[in-house]
Amino acid sequence: MKIDPSEIAKNPSPLIGLSGEATIAFGSINLKVKAGTMKKVTEFLVVDHLASYNVIMGTPWLNSMRVVPSTYHLCLKFSTPHGIKTIWGNPRVSQVKHKRCKLGPERASAVNDEVEKLLKVGSITEVRYPDWLANPVVVKNKNGKWRVCIDFTDLNKACPKDSFPLLHIDRLVKATAGNELLSFMDAFLGYNQIMMHPDDREKTAAQLIKDL
């Protein structure tokens, strides 16, 4: 969290976990916490211990903010000068299932060919009850061949934004200048296949001609 150790007040004190184990907090620090438009200086105990969270907000902060927590809805509600503010514990994303779009004979044939090719190499598999469902988009390349794409517009909107976008083209050219070889990999035909995490694979489900 990029905190200067000199800002930590040295006052060791024990912390007892739910299972009874004890951990020694070697100090405390006051940090400004922003929730919506509200800011509060809050005291935190500092522990040198592996954990799933960077910070844990306790009852002193909840009471000072007059927060009403709901563990069932995974949210916090509190009053601000501009009205009631809600903080969600997880993103509230509406899952989208697109209705199946009809394709012409040529486009349908192109989708079938692409499905057969991807099935043979194991890049796609069948899913029966996906929460997300997109439609294929079939466009013709300059060489006359059909390209099969999937419309992930709604899924992309639900995903966190990447804070580290690709470099500008001028920086890419400068970085490759002076090298003897330049690999384009599969850039002429499409994106390279990158294995997805198993928990996220069904989110990329699409309604293809063979009902995959």
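Thresholds applied
- Residues numbered from 1 in each chain as written.
- Predicted model: local features only at pLDDT ≥ 70, side-chain atom pairs only at ≥ 80, totals over all residues.
- Heavy atoms only, no water.
- Helix = DSSP H or I, 4+ residues; strand = E, 2+ residues; numbered from the N terminus.
- Buried < 20%, exposed > 50% of the residue type's maximum accessible area, 1.4 Å probe, protein only.
- Contact = heavy atoms within 4.5 Å.
- Areas by Shrake-Rupley, 256 points an atom, 1.4 Å probe, with all protein chains shown as cover.
- 1 Å grid on protein atoms, 1.4 Å probe; cavity = no way out; pocket = protein on both sides within 12 Å on 5 of 7 lines; lining within 4 Å.
- Points joined across faces, edges and corners; volume = space filled by probe spheres on them.
- Nonpolar A, V, L, I, M, F, W, Y, C, P; charged D, E, K, R; others polar.
- Core = buried A, V, L, I, M, F, W, Y, C linked by side-chain atoms within 4.5 Å.
- Pairing = 2+ DSSP bridges.
- Axes fitted to C-alpha atoms, helices over the stretch in contact; angles between N-to-C directions.

Trainee: Go over the overall build of the protein chain with me, naming the residues and quoting the values.
Mentor: Within the protein chain, the secondary structure is distributed over 4 helices and 9 strands. Helices and strands appear in the protein chain in the N-to-C order β-β-β-β-α-β-β-β-α-β-β-α-α. Of all 212 residues assigned to the protein chain, the portion counted as buried reaches 17%. Relative to all contacts within the protein chain whose residues are 6 or more apart in sequence, the contacts with residues 24 or more apart total 44%. Taken as a whole, the protein chain presents about 17,700 Å² of accessible surface, with 56% of it coming from carbon and sulfur.

Trainee: Explain the layout of surface pockets to me, and be specific about the residues and the numbers.
Mentor: If you add up the space inside the second largest pocket, you get close to 1,100 Å³. In this structure, the second largest pocket is lined by 28 residues; those nearest its centre are Leu 45, Val 46, Val 47, Asn 54 and Ile 56. Elements with a minimum of two residues in the lining of the second largest pocket: strand S1 (13–16), strand S3 (27–35), strand S4 (38–46) and helix H1 (59–65). Ranked by the residues each element gives to the lining of the second largest pocket, the list is headed by S4, at 5 residues.

Trainee: Could you give an account of empty space enclosed by the protein, with specific residues and numbers?
Mentor: Gaps between atoms show up when a probe of the same size as a water molecule is rolled over them. Summed over all chains, the structure comprises 1 cavity of 30 Å³ or more. Taken together, Val 96, His 98, Trp 132, Leu 133, Ala 134, Asp 151, Phe 152, Thr 153, Asp 154, Leu 155, Lys 203 and Ala 205 form the lining of the largest cavity. Broken down by class, the residue content of the lining of the largest cavity amounts to 7 nonpolar, 2 polar and 3 charged.

Trainee: Explain the nonpolar core to me, and be specific about the residues and the numbers.
Mentor: Side chains of a nonpolar character, in soluble globular proteins, are inclined to be buried together. Ranked by size, the top nonpolar core spans 10 residues in total: Ile 8, Ile 29, Val 33, Ala 35, Phe 44, Val 46, Trp 61, Met 65, Val 67 and Phe 78. Those elements giving two or more residues to this core turn out to be S3, S4 and H1. It is S3 that provides the largest number of residues to this core, a total of 3 residues. The residues touching Ile 29, leaving out its near neighbours within four places in the chain, are Ile 3, Glu 7, Ile 8, Thr 42, Glu 43, Phe 44 and Val 46. Grouped together as the second largest cluster of nonpolar side chains are 6 residues, Ala 110, Val 111, Val 138 and Leu 208 included.

Trainee: Before we move on, can you summarise the pairing of strand S2 (residues 22–25) with the specific residues and values?
Mentor: Here S2 shows one buried face, formed by Thr 23 and Ala 25, and one open face, formed by Ala 22 and Ile 24. Pairing of S1 with S2 involves 4 bridges; the strand directions are antiparallel. Among the inter-strand pairings, Ser 13 is bridged to a residue of S2, identified as Ala 25.

Trainee: I'd like a rundown of the sheet that holds strand S7 (residues 83–88), residues and numbers included.
Mentor: The sheet built from 3 strands is open, its strands ordered S5-S6-S7 with antiparallel pairing. In the strand order of this sheet, the two ends are held by strand S5 (68–70) and S7, each with one partner. When strand polarity is set aside, the average angle formed by the axes of neighbouring strands in this sheet is 20°.

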